[in-house]
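Survey of secondary and tertiary structure
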Amino acid sequence: GGEINPYSFYVGELEELYCNDFEEDDGGFEHRLLSGENQEGADDWMWGSPMGIGGDPSVASSGEKIWGNDLGGEINGSTYNGEYQNDKHNRLSSPTISVSGFRKTVLVYDRWLQVEDGFYDQARILNNGEEIWTNHATTQNIGNEHHQDQQPYPL
């Protein structure tokens, strides 16, 4: 898949340490706006059923619920369009997951990600504050190597 769309494979057994399909509850995840104007929908992380608008999936990878940016629809009298807002920096954080006693751990998750080139938009995964993944950014002011997952999760 290359730098923009990498693939991985594993040889050997994997032991599940934490799994959540978000059907019963939100899993204790927390979200907040880090920077940008605090206006309606600025912190647009939502737990619920995807609506399939704004390029989002129309179904969850399993069950019916997911965490996502602006899942769309009407919430408390406000209408959401399925798209994230410009000039906002928000975060979704998982609860602490203990991996003590394990030498190597692997993060595996189902994702549907569509963001502009990393020159404009930065999608990142942090582990204890350390960046372990980010979307590709052009080295010049090209700005046209957008990230759009091409392998939707199995339905």
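Residues numbered from 1 in each chain as written. Predicted model: local features only at pLDDT ≥ 70, side-chain atom pairs only at ≥ 80, totals over all residues. Heavy atoms only, no water.

Some details on the overall build of the chain
- In terms of helices and strands, the chain carries zero helices and 10 strands.
- The linear arrangement of helices and strands in the chain, starting from the amino end, is β-β-β-β-β-β-β-β-β-β.
- The C-alpha radius of gyration computed for the chain amounts to 17 Å, which stays within 12% of the reference 15 Å derived for 155 residues, consistent with globular compactness.
- Along the first, second and third principal axes, the C-alpha atoms of the chain reach 50 × 45 × 30 Å.
- The 155 residues of the chain split such that 26% are buried.
- Excluding contacts between residues fewer than 6 apart, the proportion of contacts in the chain whose partners are at least 24 apart in sequence is 57%.
- Here the chain has roughly 11300 Å² of accessible surface; of this, 46% comes from carbon and sulfur atoms. (Helix = DSSP H or I, 4+ residues; strand = E, 2+ residues; numbered from the N terminus. Rg over C-alpha atoms; globule rule 2.2 N^0.38 Å. Buried < 20%, exposed > 50% of the residue type's maximum accessible area, 1.4 Å probe, protein only. Contact = heavy atoms within 4.5 Å. Areas by Shrake-Rupley, 256 points an atom, 1.4 Å probe, with all protein chains shown as cover.)

So, the pairing of strand β9 (residues 130-134)
- For strand β8 (residues 124-127) and β9, the ladder comprises four bridges, and the chain directions are antiparallel. Across the sheet, residue Asn127 finds its bridge partner in β9, namely Glu130.
- In sequence, β8 turns back onto β9 through a hairpin of two residues, with Asn128 there showing a positive phi of about 50°. (Pairing = 2+ DSSP bridges.)

Thoughts on the confidence of the model for the chain
- Summarising the model, the chain shows a mean pLDDT of 86, and 92% of its residues fall at 70 or more.
- Mean pLDDT values over the elements of the chain span from 77, in strand β10 (residues 147-148), up to 96, in strand β1 (residues 30-35). (pLDDT = per-residue confidence, 0-100.)

Description of the side chain of Thr138
- Position of Thr138 relative to the elements: it lies in the loop between β9 and β10.
- Residues in contact with Thr138, not counting those within four places in the same chain, are Asp117, Phe119, Gly143, Asn144 and Glu145.

Remarks on the packing of aromatic side chains
- Tallied over the full model, the rule gives three aromatic pairs.
- Considering the side-chain rings of Phe22 and Phe29, the 5.2 Å spacing of their centres and the 85° angle between planes classify their relative orientation as edge-to-face.
- On the accessibility criterion, Phe29 (16% relative accessible area) is buried.
- Taken together, a centroid distance of 5.0 Å and an interplanar angle of 90° make the contact between Phe119 and Tyr120 edge-to-face.
- Residue Tyr120 is classed as partly exposed on the basis of its relative accessible area of 42%.
- Among the aromatic residues, ring-to-ring pairing joins Phe22, Phe29 and Trp67 into one connected group.
- The ring of Trp133 has Arg111 sitting right over it, with the charged end atom 4.7 Å from the ring centre. (Phe/Tyr/Trp six-rings, centres within 6.5 Å; stacked < 30°, edge-to-face > 60°. Lys NZ or Arg CZ within 6 Å of the ring centre and 35° of its normal.)

Description of the side chain of Asn135
- Looking at where Asn135 falls in the secondary structure, it is placed in the loop between β9 and β10.
- Residue Asn135 is classed as buried on the basis of its relative accessible area of 4%.
- Within polar-contact distance, the side chain of Asn135 engages the backbone oxygen of Glu116 at 3.3 Å.
- At a separation of 2.7 Å, a polar atom in the side chain of Asn135 contacts the main-chain amide nitrogen of Ala123.
- Apart from the residues lying within four places of it in its own chain, the contact partners of Asn135 are Val115, Glu116, Asp117, Gly118, Asp121, Gln122, Ala123 and His147. (Polar contact = N/O pair within 3.5 Å; in protein donor to acceptor, adjacent residues only side chain to side chain.)

Description of a nonpolar patch on the surface
- Together, Leu17, Tyr18, Ile97, Val99 and Phe102 line one region of the surface with nonpolar side chains, adding up to about 380 Å² of accessible area.
- Mapped onto the fold, Phe102 is located in the loop between β6 (89-93) and β7 (114-115). (Patch = residues over 30% accessible without salt bridge, like charges linked within 9 Å, V, L, I, M, F, W, Y side chains within 5 Å. Salt bridge = Lys/Arg side-chain N within 4 Å of Asp/Glu carboxyl O.)

Thoughts on unusual backbone geometry
- The phi dihedral of Phe22 is positive, around 65°, even though this residue is not glycine.
- Residue position: Phe22 is located in the segment before β1.
- Classification of Phe22 as buried rests on a relative accessible area of 15%.
- The backbone phi angle of Asn128 is positive, close to 50°, even though this residue is not glycine.
- Relative to the assigned elements, Asn128 resides in the loop between β8 and β9.

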